[in-house]
Amino acid sequence: MRRNRLSGWLAAAGILLSLTLVFAGARAQSASLQVPASGSTASKLAEEQFKNIQALKGIPADQVVPSMQFIAALSANTATFAGHSKRTTRKPKSRRAK
């Protein structure tokens with residue numbers, strides 16, 4: 001009975017911590033996406049500053065390189081995982097008696 005209470009409290013604390021982190025992350029992202037004040041100069045868009053921009057149109061030019069680094073990091077992790085799964089799906093060589 002005591003163990004069930006403890007696991008219940010730990011589960012509730014874990015859920016509360018997860019929700020706090022989610023809301024803090026969402027708040028941080030929304031704060032960085034706010035429109036600059038009317039007195040400041042507007043930055044160029046990606047397609048105005050760089051040639052041949054196709055997928056990242058409409059974002060500020062200063063966010064292009066960090067976005068590309070983020071995408072590269074994601075694809076590197078995915079390639080590692082995919083390579084690992086190929087090794088595990090190979091059939092072992094069959095051995096025959098001589």
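Computed from a prediction, not measured in an experiment: that's the story for all the values here.

Undergrad: Which residues make up the overall build of the protein chain, and what values do they have?
TA: The number of helices and strands found in the protein chain is 3 helices and 0 strands. Along the protein chain, from the amino end to the carboxyl end, the secondary structure elements read α-α-α. Classification of the 98 residues of the protein chain by burial places 5% in the buried group. Summed over all atoms, the accessible surface of the protein chain reaches about 9700 Å², with 61% contributed by carbon and sulfur.

Undergrad: I'd love a proper account of unusual backbone geometry, names of residues and values included.
TA: In this structure, asparagine 52 is a non-glycine residue whose phi angle is positive, near 55°. Residue classification places asparagine 52 among the exposed residues on the basis of a relative accessible area of 66%.

Undergrad: Mind laying out the environment of leucine 45, listing which residues take part and the relevant values?
TA: Tracing the chain through its elements places leucine 45 in the loop between helix H1 (2-32) and helix H2 (46-49). Its relative accessible area of 30% is what places leucine 45 among the partly exposed residues. Taking C-alpha positions, leucine 45 is 8.4 Å from aspartate 62, a pair spaced 17 residues apart along the chain. When neighbours within four sequence positions are excluded, leucine 45 is seen to be in contact with Gly58, Ile59, Pro60 and Ala61.

Undergrad: An account of the confidence of the model for the protein chain is requested, with residue identities and associated values reported.
TA: With 67% of its residues at a pLDDT of 70 or more, the protein chain shows a mean pLDDT of 75. When mean pLDDT is taken per element in the protein chain, H2 scores highest with 88 and helix H3 (residues 64-88) scores lowest with 68.

Undergrad: Before we move on, could you go through the environment of isoleucine 59 and cite the residues and values that matter?
TA: Relative to the assigned elements, isoleucine 59 resides in the loop between H2 and H3. The spacing of isoleucine 59 and serine 43 is 16 residues in sequence and 9.9 Å in space, taken between C-alpha atoms. Isoleucine 59 has contacts with Leu45, Ala46, Val64 and Ser67, leaving out every residue within four places of it along the chain.

Rules used in this analysis
Residues numbered from 1 in each chain as written. Predicted model: local features only at pLDDT ≥ 70, side-chain atom pairs only at ≥ 80, totals over all residues. Heavy atoms only, no water. Helix = DSSP H or I, 4+ residues; strand = E, 2+ residues; numbered from the N terminus. Buried < 20%, exposed > 50% of the residue type's maximum accessible area, 1.4 Å probe, protein only. Areas by Shrake-Rupley, 256 points an atom, 1.4 Å probe, with all protein chains shown as cover. Contact = heavy atoms within 4.5 Å. pLDDT = per-residue confidence, 0-100.

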